[in-house]
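Chain by chain, the residues:
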Amino acid sequence: MIRILVAAHLPLVRRGLVASLDGESDLEVVADVGSGEDIVPAALDVRPDAAVIDTDLPGVDGLSAAARLGEKVPRCRVMVLSGQPNPGHVKRAFAAGVLGYMSIQVGPEQLADGIRRITSGRRVVDSDLAVAALEAADNPLTRRELDVLRLAAAGARSKEIAAELSLSVGTVRNHLTRVLYKTGARNRVDAVRIATDSGWI
């Protein structure tokens, strides 16, 4: 029996996943949560064999939560489901140790089969996404530049970003200038869009 943790924000989606997976004779959902913050505590409590994580989670996003889960419960294999899959997110997911990446619109049989495959140590990803991920440009931004851009994406101003990251306002502006140059963006909003579409943030 494969023990599964399900993480999805929308109750209807979460219940649908639970019902679908519990309907398989060799799969059992042992926990379900609605936020990224709840994934690791639940996994530490029930020690699942696999986790099915929606990327669209409040607070800690699904990919960040998957990375944390890999650190805290390394034997738990992760399948990520995305409503808007893109090559950058696939690369980021696999870099975090995720073994499976599928569209949230995948059929129940495909999802169940994917879970069986990742628990045996194999990678599972849509073939078109896999090819696109290999062709996607590498992330040119440094970790600090990504930190600044994430806060900017959340609507923080330079002064607020500086306070959050213990930097000077001038240093934050320098980071943002380098981000615009490296991404070829016209402005901060454009840089956020490019980085998001590429799966860097």
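A. Inspection of the overall build of the protein chain at higher detail. A tally of regular secondary structure across the protein chain gives ten helices and six strands. Radius of gyration (C-alpha) of the protein chain: 18 Å, near the 17 Å computed for a compact globule of 201 residues. Seen along its three principal axes, the alpha-carbon backbone of the protein chain occupies a region of about 60 × 35 × 30 Å. Counting only residues that meet the buried cut, the protein chain has 44% of its 201 residues in that class. For the protein chain, the proportion of contacts with a sequence separation of at least 24, taken over those separated by at least 6, is 62%.

B. The arrangement of the pairing of strand S4 (residues 77-82) in detail. Of all six residues that make up S4, five are buried, and the element is covered over most of its length. Bridging between strand S3 (residues 50-54) and S4 involves five bridges; their strand directions are parallel. Bridge pairing in S4 places Val 52 opposite Met 79. Of the crossover connections in this fold, the one passing from S3 over helix H3 (residues 62-72) to the parallel S4 is right-handed.

C. Inspection of the pattern of salt bridges at higher detail. Across all of its chains, the model carries eleven salt bridges by this definition. Between Arg 14 and Asp 32 there is a salt bridge, with the nearest N and O atoms lying 3.1 Å from each other. In this pair, Arg 14 is assigned in helix H1 (residues 11-22) and Asp 32 in strand S2 (residues 27-33), connecting sequence segments 18 residues apart. Of the charged contacts in the structure, one is a salt bridge between Arg 144 and Asp 147, with a shortest N-O distance of 3.7 Å. Of the two residues, Arg 144 and Asp 147 are both situated in helix H7 (residues 143-153); the distance of three residues between them amounts to about one turn of the helix. What makes Arg 144 partly exposed here is its relative accessible area of 31%.

D. Representation of H3. Within the span of H3, buried status applies to Gly 62, Leu 63, Ala 65, Ala 66 and Leu 69. Looking straight down H3, one finds its buried side chains confined to an arc of 155°; they lie on one side. Away from its buried face by more than 90 degrees, H3 exposes Glu 71 and Lys 72.

E. Structural context of the nonpolar core. Counting residues in hydrophobic clusters, the biggest one holds 25 residues, and the most contacted among them are Leu 5, Ala 7, Ile 39, Ile 53, Leu 69 and Val 78. Of all hydrophobic cores here, the second largest spans 20 residues; its members include Leu 17, Leu 27, Ile 115 and Val 124.

F. Examining the sheet that holds S4 more closely. Read across the open sheet, the six strands follow the order S2-S1-S3-S4-S5-S6; overall the sheet is parallel. In this open sheet, the two strands that pair with only one neighbour each are S2 and strand S6 (124-125). Judged from the two bridges that link them, strand S5 (residues 100-103) and S6 form a sheet pairing that is parallel. Directly across from Tyr 101, in S6, lies its bridge partner Val 125. Each of strand S1 (2-7), S2, S3 and S4 touches H1; the most contacted strand, S2, lies at about 165° to it.

G. Structural view of the pairing of S5. As paired elements, S4 and S5 share four bridges and run parallel to each other. Looking at S5, one finds that Leu 81 is bridged to Met 102. The parallel pair S5 and S6 is bridged by helix H5 (residues 108-119), and the resulting crossover is left-handed.

The rules we used
All residue numbers refer to position in the chain's written sequence, counted from 1. Reporting of local features is limited, given that this is a predicted model, to residues whose pLDDT is at least 70; pairs of side-chain atoms are given and counted only at 80 or more, and all residues count toward the totals for whole chains, interfaces and linings. Side-chain metrics rest on all non-hydrogen atoms present in the structure, leaving aside hydrogens and water. Put simply, DSSP marks the helices as runs of H or I at least four residues long and the strands as runs of E at least two long, and each gets a number from the N terminus on. Atoms counted for the radius of gyration: C-alpha only. Globule rule: 2.2 Å times residue count to the power 0.38. The cut-offs for exposure are 20% and 50% of the maximum accessible area for each residue type, with area from a 1.4 Å probe on protein chains only; residues under the lower value are buried, those over the upper are exposed, and the others partly exposed. Between two residues, a contact is recorded if the distance between any of their heavy atoms is within 4.5 Å. Think of it this way: DSSP has to see at least two bridges between two strands before they count as a pair. By convention a crossover is right-handed if, when the strands point away from the viewer, the path from the first strand over the helix to the second runs clockwise. Salt bridges, as used here, are contacts in which a Lys or Arg side-chain nitrogen is within 4 Å of a carboxyl oxygen on Asp or Glu. The arc refers to the directions leading from the helix axis to the C-beta atoms. Among buried residues, those of type Ala, Val, Leu, Ile, Met, Phe, Trp, Tyr and Cys that are joined through side-chain atoms within 4.5 Å constitute a nonpolar core. Only the stretch in contact is used when fitting a helix axis, every axis being a line fitted to C-alpha atoms; angles between N-to-C directions are given from 0 to 180 degrees.

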